[in-house]
Amino acid sequence: MPADSDSLVVKITGKDATEIQILDVCEKGALRPFSMADNMLMSHYSNVSVSPSGRYAFVTQWAFDTGGSARYRTFLIETATGKRLRETDGTWMPKTDRYIKWKETDGKMILCSYDPMTEEETPITKEDLRGYSYIMAPTEDYLILTKSVDGPAKEDGVYEILEMDDRQPGWRKRSEIYRFDLKTGVREQLAYGNKSMWVSSITEDGKYVFLGESHSRLEKRPTEVESLYRINMETFKADTIYKEQGFMGGMYLIPGTQKFLVKGSAEAFNRIGCILPDSLTPNMYEYQMFLMDAEKGMSSVIPLTKDFVPSISRIVMGEGGYAYFTAEKADSVALYRLNLNTYKIEEIPQPCEVILGISMARHGSTLMYYGNGACMDYRLYCIDTQKVKGEKTSKNSIKSFEPLNKERFSSIAFGTCEAWHFKSERGYELTGHAYLPNGCDKESVKKYPMIVHYYGGCSPTTRRFGGGQHYPAHYWNALGYVVLIVNPSGASGFGQEWGSRHVNTAGEGPAQDII
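All values derive from a computational prediction rather than experimental measurement.

A. Main features of the environment of Met317. Within the secondary structure, Met317 is located in strand E21 (residues 311-317). Taking C-alpha positions, Met317 is 9.7 Å from Arg337, a pair spaced 20 residues apart along the chain. If sequence neighbours within four positions are ignored, Met317 has contacts with Tyr252, Leu253, Ile254, Pro255, Leu261, Tyr322, Ala323, Leu340, Met360 and Ala361.

Structural data, given as structure tokens:
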């Protein structure tokens, strides 16, 4: 792991050294190049979680230490000012501005809630819940507990592999799900069998819990399918919402309803959101958004983004009749809102090039997100959604907190990043961006060596800071290189047809776009 500084020994020999002057090469206030230490030791945001009212938030950041180990730190902050109240972590209660943490006492692992300002502690459970994870119901009167248990063991003396993933450690483990009544301490198992299940959502009144289940089906596409069930917490009656559907990416329950916003590829729900001919296979990572009513099941599915070019990333909802989401828009990740009555989508102008995480108050109007840009450090942002005017939103209404690496980066001479595009031999208009060394004069006759970054995955290479730690463009700039990033045909975020161009090609075609 590189250090922040290094040293060298210079030995000067001669008959007379009286006229030799030692000059300070790095004059006071002079900027220095971006180093590998800067690349490896910089801090990153990794999560934000806003309290129910929107007054507080947990913000998690991480960085490598000089020994190569990643260190995570979580801070409780005030959203109005960004002021750090203390270093602590926790999970917000659904209705109350209190957070929950595990506490070991008398040999038991119990849950306690804490006041953000005073740290006043209140036990929530008395029973030992060691080994469980939990989700608190919106009504705050019961928990859904999940525990990982061993699945069917392999027979002694037999080398048994049920499918390829059976070679992976822990593949046979299963999740057991329980309802835990906080008043009585009674624990009731909700699902049985050898298939893992997870909690998808809980309705605001706590009456229904939605459980998901997925398994492999290797004989045909999609090879991974999932089912969704609704459990009545009063009668324990189970209803099937859908069965063995593929190409799904997440379910988001609209508050106060039994309707879901569903994230999935264009092939989800029998290609109802697909605009491609049957002869073309969509990119599985080109995500669409659908609306589904749990009361009506599959027959109610409506595609909401069929003609929307960006690819859906993260979705959050609070009160106010809107869903807010991020989406890959070419080589950026932008912010949008969806009107839950008209289903109209609007982009919200904001300063961040690549949004990496987002959270919204459950019962308030505070939305927070974090991200960075090609030459823009990690930053945390806060919006009062009551002031959002769709595409007419002023960037001045978005609160921006100090850059995360302000102290480290203030002494660095960064280069620049410019958009770039060209027409390939196959006739495609390709886009990308180029990182130029500090002081690079494009009008000069000076020539620079160039590194071409070729990433052939399903998602675009975004304008994230310096290309990311594993492709350190700013470091290469400091060494005198121009770094060219190209997004070949087949990347998500450019529309369904563009995203389909790499499917079933084994790289033939997209590779020619770059090489």
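After that view of the structure, there is still more to cover.
B. The arrangement of the pairing of strand E6 (residues 99-105) in detail. Strand direction decides the pairing type here: strand E5 (residues 91-92) and E6, joined by two bridges, are antiparallel. In the strand pairing of E6, Trp92 is matched with Tyr99. With seven bridges joining them, E6 and strand E7 (residues 108-114) adopt antiparallel strand pairing. Following the sheet pairing, Lys101 is matched in E7 by Cys112. Here E6 folds back onto E7, and the loop between the two strands holds two residues, one of which, Asp106, carries a positive phi near 55 degrees.

C. Layout of the state of the cysteines. Scanning the model with the defined rule gives zero disulfides in all. Cys382 forms no disulfide, and the closest cysteine sulfur to it belongs to Cys352, at a distance of 14 Å. Residue classification places Cys382 among the buried residues on the basis of a relative accessible area of 7%.

D. Representation of the side chain of Arg463 in the model. Along the chain, the position of Arg463 falls in the loop between strand E31 (450-454) and helix H4 (473-478). In contact with Arg463, other than residues within four places in its own chain, are Asp331, Glu353, Val354, Gly373, Ala374, Cys417, Ala419 and His433.

E. Here's a closer look at unusual backbone geometry. Each neighbour pair has its own omega, and for Arg221 with Pro222 the value is -10 degrees, a cis peptide bond. Assignment of secondary structure puts Pro222 in the loop between strand E14 (208-216) and strand E15 (224-232). One non-glycine residue, Phe247, adopts positive backbone phi at about 60 degrees. Position of Phe247 relative to the elements: it lies in the loop between strand E16 (238-246) and strand E17 (248-253). Assessed through its relative accessible area of 14%, Phe247 is described here as buried. Non-glycine residue Tyr343 carries a positive phi angle of around 65 degrees. Residue placement: Tyr343 occurs in the loop between strand E23 (332-339) and strand E24 (345-347).

Conventions and cut-offs
- Residues numbered from 1 in each chain as written.
- Predicted model: local features only at pLDDT ≥ 70, side-chain atom pairs only at ≥ 80, totals over all residues.
- Heavy atoms only, no water.
- Helix = DSSP H or I, 4+ residues; strand = E, 2+ residues; numbered from the N terminus.
- Contact = heavy atoms within 4.5 Å.
- Pairing = 2+ DSSP bridges.
- Disulfide = S-S within 2.5 Å.
- Buried < 20%, exposed > 50% of the residue type's maximum accessible area, 1.4 Å probe, protein only.

In short, shape yes, function no, at least from these values alone.
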